Amino acid sequence: MEPSEVKIEITNTPDLAEPELEDDSYLLSALLESTTDSIYFKDIDSCFVRINRTQARCLGLSHPSEAIGKSDLDYFADQHSHEARQDEIEIIRLGRPMIGKEEREDWPDGTVTWASTSKMPLFNAEGRCIGTFGISRDISKRRKTQEALLESEARFRDLTNAIHEVFWVLDLRNNKTLYVSPAYERIWGRSCAQFNANVGDWLSAVHEEDRERIETQYASIANQPFETTFRIH
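Residues numbered from 1 in each chain as written. Predicted model: local features only at pLDDT ≥ 70, side-chain atom pairs only at ≥ 80, totals over all residues. Heavy atoms only, no water.

## Some points on the packing of aromatic side chains
Quick reminder of the rule: Any two of the Phe, Tyr and Trp rings considered here, Trp counted by its six-membered ring, make a pair once their centres fall within 6.5 Å; the pair's planes then place it as stacked at under 30 degrees, edge-to-face at over 60, or tilted in between. Numbering of helices and strands runs from the N terminus, with a helix taken as a DSSP run of H or I at least four residues long and a strand as a DSSP run of E at least two residues long. Here's how the labels work: a residue is buried when its accessible area is under 20% of the maximum for its type, exposed when over 50%, partly exposed in between, all with a 1.4 Å probe on protein chains only.
Within the structure shown, the criterion is met by 13 aromatic pairs. Residues Phe-41 and Phe-133 carry aromatic rings whose centres are separated by 5.6 Å and whose planes lie at 25° to one another, so their mutual orientation is stacked. Here the residue Phe-41 occupies a position in strand β1 (residues 38-43), and Phe-133 occupies one in strand β5 (residues 129-138), the gap between them amounting to 92 residues. Given a relative accessible area of 16%, Phe-41 falls into the buried group. Ring plane angle 80° and centroid distance 5.7 Å describe the contact between Trp-168 and Trp-188, whose orientation is recorded as edge-to-face.

What follows is the structure, given as structure tokens:
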């Protein structure tokens, strides 16, 4: 019995796209309503023409439409409002964006928040700049953490500058100096810059008769506290 041939024809039928996926206004609305960043569009006079719900909540509004026709002066303290307006004037004048500026936002009740803001010029079909639009992300928590860290570092340095003893902090894995107290220069007679450049600088100043013993002590009990005495030049 001869084997029969079976021919199968496969026709690829393109998937029919959902109509919303081809609707720019629908996609824009989906973006505006879903993002946790503040998005806003302003006219040539820096008045809002559209904002998203996140921005509305930031401004204390129940609906985004309440901001239309108003400006930053209606919601923020004068200093921030004037700085934002000057930024937008420059963006319109130059036709260039402002990317990732960290802005201090002062509110009428004295509250201060921080935002990372990018603003772009808004052009019409003829290429004329007719306004601006921007995206802002609240970074208040990050700024608070940074400021607390800087304050802690300042207190640390004030404390160490007042201490007469020498101490240092080393990153042993990367063979790098993290900190050496200013008293190093007074007691060792060598600059802190030398220590920062070479973590072994302190050891090279140890008296020749003591150096081998100190090296051995540091190498053998590096993971345990110990006390020793040695001479330095």
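And the narrative resumes.
## Looking at the pairing of strand β2 (residues 48-51)
Note the threshold: A pair of strands is treated as paired once DSSP finds two or more bridges between them.
Summarising the sheet, β1 and β2 pair through three bridges and their orientation is antiparallel. Note on β2: the bridge partner recorded for Phe-41 is Arg-50. Where β1 folds back on β2, the antiparallel hairpin that results is connected by four residues, among which Ser-46 adopts a positive phi of roughly 65°.

## Section: the pairing of strand β7 (residues 176-180)
Two elements, strand β6 (residues 168-171) and β7, share four bridges in a ladder whose sense is antiparallel. Counted as the bridge partner of Val-169 is Tyr-179 from β7. Between β6 and β7, which pair antiparallel and follow one another directly, the connecting turn spans four residues, one of which, Asn-175, has a positive phi of 50°.

## Structural notes on the environment of Gly-95
We apply this condition: The contact definition used throughout considers only heavy atoms, calling two residues in contact when any of these lie within 4.5 Å.
Note that Gly-95 resides in the loop between α3 (78-94) and β3 (98-106). You can call Gly-95 partly exposed: its relative accessible area is 26%. With 34 residues separating them along the chain, Gly-95 and Cys-129 place their C-alpha atoms 7.0 Å apart. Discounting residues that sit within four places of it in the chain, Gly-95 has contacts with Glu-90, Pro-121 and Phe-123.

## Points about α3
The condition that has to hold: The length a helix should cover is 1.5 Å for every residue beyond the first. Think of the arc as the fan of directions from the helix axis to the C-beta atoms.
The end-to-end C-alpha distance of α3, which contains 17 residues, comes to 24 Å, matching closely the 24 Å that a straight helix rising 1.5 Å per residue would cover. Along α3, the positions that sit buried rather than exposed are His-80, Ser-81, Ala-84, Asp-87, Glu-88, Ile-91 and Ile-92. Axial view of α3: buried residues confined to an arc of 135°, hence all on one face. Relative to its buried face, α3 has exposed residues pointing more than 90 degrees away, namely Asp-78, Gln-79 and Arg-93.

## Side note on the sheet that holds β2
In a beta sheet, neighbouring strands pair by backbone hydrogen bonds and run either parallel or antiparallel. The condition that has to hold: Fitted lines through C-alpha atoms give the axes, limited to the stretch in contact for helices. The angle between two N-to-C directions lies from 0 to 180 degrees.
Overall, antiparallel pairing links the five strands, which are arranged β2-β1-β5-β4-β3 in an open sheet. The open sheet has two edge strands, β2 and β3, and neither has a second partner. For this sheet the average axis-to-axis angle between neighbouring strands, irrespective of direction, equals 30°. Here helix α4 (residues 140-162) sits on the sheet and contacts β3, β4 (112-123) and β5; the angle it forms with β4, its principal contact strand, is near 130°.

## Comments concerning the layout of surface pockets
The cut-off we apply is this: Definitions used for this entry: grid spacing 1 Å over protein atoms alone; cavity, a set of points where a 1.4 Å probe fits but cannot get out; pocket, an open set with protein on both sides within 12 Å along at least 5 of 7 lines; lining residue, one with an atom within 4 Å of a point. Grid points are joined across faces, edges and corners, and a volume is the space filled by probe spheres set on the points. Only Asp, Glu, Lys and Arg are considered charged, only Ala, Val, Leu, Ile, Met, Phe, Trp, Tyr, Cys and Pro nonpolar, and every remaining residue, Gly among them, polar.
Considered as a void within the structure, the second largest pocket measures approximately 330 Å³ in volume. Of all elements in the fold, only β1, α2 (53-58), α3, β3, β4 and β5 reach the threshold of two or more residues within the lining of the second largest pocket. Looking at the lining of the second largest pocket residue by residue, the classes come out as nine nonpolar, nine polar and eight charged.

## Considerations on unusual backbone geometry
Positive phi is not limited to glycine here, since Ser-46 has a value of about 65°. Note on placement: Ser-46 falls in the loop between β1 and β2. Unusually for a residue other than glycine, Asn-175 sits at a positive phi of about 50°. Within the fold, Asn-175 resides in the loop between β6 and β7. For Asn-175, a relative accessible area of 56% puts it in the exposed group.

Functional significance is not addressed by these values, which are geometric in nature.
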